[in-house]
Amino acid sequence: MRDKILAGNWKMNKTFGEAEELIDEIADQLSKKPVNSDVQIIICPPFPYLEMIRDLSEECDIQVGAQNLSQFEAGAYTGEVSAAMLSSMQIGYCIIGHSERRQYFGETDEIIAAKIKQALNEDIFPIFCCGENLTERESGRHFEVVQKQVEAALSDLPADKAYMIIIAYEPVWAIGTGKVASPEQAQEMHAFIRKLVAYKFGEEFAENLSILYGGSCNPSNAAELFKQPDVDGGLIGGASLKAADFIKIAHSFPEDK
Ligand code: PGA
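Residues numbered from 1 in each chain as written. Predicted model: local features only at pLDDT ≥ 70, side-chain atom pairs only at ≥ 80, totals over all residues. Heavy atoms only, no water.

Trainee: Help me understand the overall build of the protein in this model?
Mentor: Looking only at helices and strands, the protein features 11 helices and 8 strands. Whereas a compact globule of 257 residues would reach a radius of gyration of roughly 18 Å, the protein reaches 17 Å, a difference of no more than 12%. With the principal axes as the frame, the protein shows a C-alpha extent of 45 × 45 × 35 Å. The buried share of the protein, taken over its 257 residues, is 54%. The contacts in the protein between residues at least 6 apart in sequence include a share of 72% that link residues at least 24 apart. As displayed, the protein has an accessible area near 11800 Å², and 50% of this comes from carbon and sulfur atoms. (Helix = DSSP H or I, 4+ residues; strand = E, 2+ residues; numbered from the N terminus. Rg over C-alpha atoms; globule rule 2.2 N^0.38 Å. Buried < 20%, exposed > 50% of the residue type's maximum accessible area, 1.4 Å probe, protein only. Contact = heavy atoms within 4.5 Å. Areas by Shrake-Rupley, 256 points an atom, 1.4 Å probe, with all protein chains shown as cover.)

Trainee: Explain the nonpolar core here, please?
Mentor: Soluble globular proteins: nonpolar side chains tend toward being buried together. One finds I26 and I193 to be the most contacted residues of the largest nonpolar core, which totals 72 residues. Setting aside anything within four residues of it in sequence, one finds I26 in contact with W10, I43, I62, A243, F246 and I247. Listed in part, the 12 residues of the second largest apolar core include I42, Y93, C129 and I166. (Core = buried A, V, L, I, M, F, W, Y, C linked by side-chain atoms within 4.5 Å.)

Trainee: Help me understand the side chain of K161, please; the structure alone is not making it clear to me.
Mentor: Residue placement: K161 occurs in the loop between α7 (142-154) and β6 (166-169). We classify K161 as buried; its relative accessible area is 19%. At 3.0 Å, the side chain of K161 and the backbone oxygen of L120 are in polar contact. The residues contacting K161, other than those within four sequence positions of it, are L120, N121 and D123. (Polar contact = N/O pair within 3.5 Å; in protein donor to acceptor, adjacent residues only side chain to side chain.)

Trainee: Whenever I open this one, the site of the ligand confuses me. Can you help?
Mentor: Near the ligand you find 13 residues, and of these K11, H98, E170, G176 and S216 are the closest. One of the backbone N or O atoms of S216 is found 2.7 Å from an oxygen atom in the ligand. Notes on the ligand: free accessible area 280 Å², of which the protein chains cover 95%. By residue class, the composition of the shell around the ligand is 4 nonpolar, 7 polar and 2 charged. (Near = heavy atom within 4 Å. Nonpolar A, V, L, I, M, F, W, Y, C, P; charged D, E, K, R; others polar.)

Trainee: What should I look at first to understand the environment of T177 in this one?
Mentor: Along the chain, the position of T177 falls in the loop between β6 and α8 (183-201). Residue classification places T177 among the partly exposed positions, given a relative accessible area of 45%. A sequence separation of 61 residues divides T177 from G238, and the C-alpha atoms of the two residues are 9.8 Å apart. In this structure the side chain of T177 is engaged in a polar contact, spanning 3.3 Å, whose partner is the backbone oxygen of A174.

Quick look at the structure:
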């Protein structure tokens with residue numbers, strides 16, 4: 001059975017004190033109403049809060065992830081954070097290739113592939129993001145666009161670490177817009193991604209791969225999305241900044257899947 005994963009992407013939000021409050025609230029609500037043991041919760045706060053979130057979430061079985069890492073190993077790269085630094089702080093996950101990184105920071109498929117490799121070298125699970133923008137969807141090119149992104153990301157993965165990858169399908173037109181993909185649209189793309197992965201790594205590998213949906217996922221639409229056979233969880237932006245909403249989403253996984 002595949003891992004069910006709920007990851008919260010806090011993006012560039014919250015002061016230190018606010019982040020402390022939010023993680024406390026999440027931990028408190030989880031202790032009162034734990035999620036099923038097969039659901040893995042991952043919180044991805046801004047870099048400066050990683051250690052604090054890691055310490056405060058230890059008791060409630062929340063994993064911690066970064067939102068980015070450098071494509072370089074180490075050295076004179078001012079302002080960058082390496083995979084080795086994250087792993088030396090026991091940070092086990094990292095979002096890589098988020099569309100905001102592609103759009104505002106010029107991340108290309110090549111840079112993203114290099115970042116995935118850095119993460120794997122340090123045994124960090126990459127949460128690799130892919131997804132088409134509105135023009136691409138409206139012109140019917142969404143499968144082609146996602147295929148190119150996925151193939152580039154998987155092109156040169158070390159075979160013994162490839163199993164660590166987690167894919168998040170995040171249609172850009174749905175991110176932060178309140179315009180969620182329909183369960184059918186999400187299912188169709190997730191099944192397509194799984195097929196691409198099966199083609200490269202085999203059926204068994206693809207069956208074990210967790211594919212998350214991201215883009216305006218909230219407490220009222222999560223259950224329908226998570227019911228889809230190829231939707232294994234969510235990468236949540238806006239709704240992860242409110243403890244109650246995030247926890248409601250965490251309780252939206254179907255029992256029988
Ligand atoms: P959203 O963001 O849930 O606010 O749409 C999702 C994401 O960007 O990961």
